[in-house]
Every structure is written in C-alpha cells, then in structure tokens.
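# Architecture and fold: a report
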Amino acid sequence: MRCLRFGARLVSGYLYNPDQEIAGVSSLGSTHAWAEVYVPGAGWITFDPTNRSVGGFNLIPVAVARDIRQTSPVAGSFEGPVDAFLGMSAEVLVTLLTSR
C-alpha cells in the first residue's frame, strides 16, 4: 500500500472469536496481527489478510507501529539447560464492559 502512496501500519493485538468459527483459532480468542491502511476521507481501514476480512469488529488492538519489529508483545531470551524450560502458554479472556 505504501508503494501506492497510501499510509499503512501494522497492528498487534487479539482476535475475539465468540462463535469459534474463524480458521486457525480453537478458542474464544488468540493473539493476532493485521494491517491498517489510511484512505483519505475514510480514515484508517482495517484489513485482516489472515481471515480475508475488512473491518475489525472482532479485533482488539494493543500496539500500532510502522514496522513489525516495533509491535512484539514479548521480547527476551533464555540461557540455561534445555530441560529447564518446560513451556509457556497464554490465555485471552474478553469481557464486555457496560456503561453506567
């Protein structure tokens, strides 16, 4: 999109999958990344090529950047014996907020 002189950025966050119908997601939510393109007069338009969708009703943004290296949710390293690392897991819980 930048080659066509449109503004473009990467968004990192969560994919909310309440119907559990989205391919590649086996739970209510997961970490996810997508693109946004700036269209004059319309603003930032969400484009999710993984799920072939436009618009982000089920996307929860956490970080926005020009370069993918700037949106890493976890960074670091581990040094030690191979059997010292037993694993890692993450769970996404989406809660509806109601206004008062």
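Residues numbered from 1 in each chain as written. Predicted model: local features only at pLDDT ≥ 70, side-chain atom pairs only at ≥ 80, totals over all residues. Heavy atoms only, no water.

Taken together, the 5 strands give an open sheet; going across it, the order is S4-S3-S2-S1-S5, and neighbouring strands pair in antiparallel fashion. Each edge of the open sheet carries a strand with a single partner, namely strand S4 (53-54) and strand S5 (59-65). Here strand S1 (residues 7-16) runs beside S5; their pairing, made up of 6 bridges, is antiparallel. Residue Val 11 lies in a different strand from S5, and its bridge partner there is Val 64. (Pairing = 2+ DSSP bridges. Helix = DSSP H or I, 4+ residues; strand = E, 2+ residues; numbered from the N terminus.)

Following the sequence through the fold, Glu 36 ends up in strand S2 (residues 29-39). A polar side-chain atom of Glu 36 sits 2.7 Å from a polar atom in the side chain of Arg 9. Among the polar contacts listed, one links the side chain of Glu 36 to the side chain of Thr 46, at a separation of 3.4 Å. Contact partners of Glu 36, with chain neighbours within four places excluded, come to Gly 7, Ala 8, Arg 9, Val 11, Trp 44, Ile 45 and Thr 46. (Polar contact = N/O pair within 3.5 Å; in protein donor to acceptor, adjacent residues only side chain to side chain. Contact = heavy atoms within 4.5 Å.)

This part covers the environment of Thr 71. For Thr 71, the position within the fold is in the segment after S5. It is 9.2 Å that separates the C-alpha atoms of Thr 71 and Ala 33, two residues lying 38 residues apart in sequence. Separated by 3.1 Å, the side chain of Thr 71 and the backbone oxygen of Ile 68 make a polar contact.

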